[in-house]
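# Chains, contacts and geometry: an overview
These are the residues of each chain, in order.
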2 protein chains.
Amino acid sequence: MSLTHIQSFVAVAEEGHVGRAARRLHLSQPPLSRHILSLEDELGTPLFERTPRGMRLLPAGTAFLAHARRILAEVDAAVHTVRKAAVDVPEAN
Amino acid sequence: MSLTHIQSFVAVAEEGHVGRAARRLHLSQPPLSRHILSLEDELGTPLFERTPRGMRLLPAGTAFLAHARRILAEVDAAVHTVRKAAVDVPEAN
DNA sequence: CTGCCTTACGACTGGCGTAAACATT
DNA sequence: AATGTTTACGCCAGTCGTAAGGCAG
């Protein structure tokens, strides 16, 4: 599992469509599709239902989405916190 | 930034020593050292003070550590939640 | 036949490990 | 000299993109 996979998952969940999510992520469809498959494989369960119109979240996918957003938000917060800490305490003499 | 980097950071922070952290992660020192350097580079600031005895957390590193643990915990929770959801709702007819 | 997801495949980047270099006591 | 981190370097694995395949309406 990687942060890239998680970002991919969130994008597909929000777009409901691999193609659109791929454009949003500046990526082509196949790698993005593989990200999702890899994630599902690792979790041992499908996260989306494949329809002719796109991808629809399954219950497991909905459950994962909440965590995924928290993870990404926490990463973002970590970056900001560190940069702030580095400025606030340039040297701890 | 990747989850691997974050795990590496936590291990080094806890061990205070790249060598021991590497053994704990079943990894050799050089890649682990590179993870830390890569993270510091990406964040734009050092996270550890290098001493002849090992690695000591700087204030920025301490700030990052709290977030890092939350991220890893959240990932873990995500995995468990999904597996549970997949079992609880095998098929939503 | 059209739209969408997935698999095949060749090419490239990234990451590992061994070995060597640097630094400090 | 000993301990610990970092750089050099060759190799393997993972990931990308283009192209082809499969499936449902």
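Residues numbered from 1 in each chain as written. Chains lettered and ligands numbered in written order. Predicted model: local features only at pLDDT ≥ 70, side-chain atom pairs only at ≥ 80, totals over all residues. Heavy atoms only, no water.

## Thoughts on the relation of the copies chain A and chain B
- Overlaying chain A with chain B gives an RMSD of 0.1 Å, the required rotation being 180 degrees about an axis along which the chain moves by 0.0 Å. Here the copies are linked by what is in effect a two-fold axis. Closest approach to the rotation axis among the C-alpha atoms of chain A is made by I71 of chain A, whose C-alpha sits 2.8 Å away. (Least-squares fit on C-alpha atoms with pLDDT ≥ 70 in both.)

## Description of the nonpolar core
- One finds F9, L47 and F64 of chain A together with F9, L47 and F64 of chain B to be the most contacted residues of the largest nonpolar core, which totals 56 residues.
- Elements that contribute at least two residues to this core include exactly α1 (3-15), α2 (18-25), α3 (29-43) and α4 (59-88) of chain A together with α1 (3-15), α2 (18-25), α3 (29-43) and α4 (59-88) of chain B.
- Those residues in contact with F64 of chain B that lie beyond four places of it in its chain are A78 and V82 of chain A together with M1, F9, L39, L43 and L47 of chain B. (Core = buried A, V, L, I, M, F, W, Y, C linked by side-chain atoms within 4.5 Å. Buried < 20%, exposed > 50% of the residue type's maximum accessible area, 1.4 Å probe, protein only. Helix = DSSP H or I, 4+ residues; strand = E, 2+ residues; numbered from the N terminus. Contact = heavy atoms within 4.5 Å.)

## Things to note about the pattern of salt bridges
All names here are of chain B.
- Taken as a whole and judged by the stated rule, the model has 12 salt bridges over all chains.
- In this structure, R24 engages E14 in a salt bridge whose closest nitrogen and oxygen atoms are separated by 2.6 Å. Taken as a pair, R24 in helix α2 and E14 in helix α1 lie far apart in primary sequence, 10 residues in all.
- When its relative accessible area of 38% is taken as the criterion, R24 is described as partly exposed. (Salt bridge = Lys/Arg side-chain N within 4 Å of Asp/Glu carboxyl O.)

## Quick word on the confidence of the model for chain A
- Looking at chain A as a whole, the pLDDT averages 94, with 95% of positions reaching at least 70.
- Confidence scores differ between elements of chain A, with α4 of chain A showing the lowest mean pLDDT of 94 and α1 of chain A the highest of 98. (pLDDT = per-residue confidence, 0-100.)

## Re the UniProt feature "domain: HTH lysR-type" (unreviewed entry) in chain A
- According to UniProt, the feature "domain: HTH lysR-type" (unreviewed entry) maps to residues 1-58 of chain A in the numbering used here.
- For the annotated span residues 1-58 of chain A, helix accounts for 62% and strand for 14% of the residues, and the straight-line distance between the end C-alpha atoms is 19 Å. (UniProt positions renumbered as here; feature names shortened; annotations may be inferred.)

## Topic: the interface of chain A and chain B
- Between chain A and chain B, the contact holds 26 residues from the first and 26 residues from the second.
- Of the roughly 2,200 Å² buried between chain A and chain B, counting both surfaces, carbon and sulfur atoms make up 78%.
- Three residues stand out in chain A for area buried against chain B, namely H67, E74 and V82 of chain A, and they jointly supply 24% of the buried area on that side.
- Inspection of the chain A/chain B interface yields two salt bridges.
- Note that E74 of chain B is salt-bridged to R70 of chain A, the shortest N-O span being 3.0 Å.
- Our enumeration of links across chain A and chain B arrives at 10 residue pairs in polar contact (both at pLDDT 80 or more).
- Breaking the side of chain A that touches chain B down by element, the ones donating at least two residues are α3 and α4 of chain A.
- For the side of chain A that touches chain B, the leading source of residues is α4 of chain A, giving 17 residues.
- In the side of chain A that touches chain B, the residues fall into 18 nonpolar, four polar and four charged. (Buried area = accessible area lost by both parts, 1.4 Å probe. Polar contact = N/O pair within 3.5 Å; in protein donor to acceptor, adjacent residues only side chain to side chain. Nonpolar A, V, L, I, M, F, W, Y, C, P; charged D, E, K, R; others polar.)

## Digging into the protein's contact with DNA strand D
- Not every one of the 19 residues close to DNA strand D is listed here, only the nearest: S28 and H35 of chain A together with V18, S33 and R50 of chain B.
- The contact atoms of DNA strand D, taken as those within 4 Å of the protein, divide so that sugar and phosphate hold 68%.
- In the model, a base oxygen of DNA strand D is placed 3.2 Å from a nitrogen or oxygen of the R34 of chain A side chain.
- A distance of 2.4 Å separates a phosphate oxygen of DNA strand D from a polar side-chain atom of S33 of chain B.
- Contributions of two or more residues to the surface near DNA strand D are made by α3 of chain A together with α2, α3 and β2 (54-57) of chain B.
- Residue composition of the surface near DNA strand D, grouped by class: nine nonpolar, six polar and four charged. (Near = heavy atom within 4 Å.)

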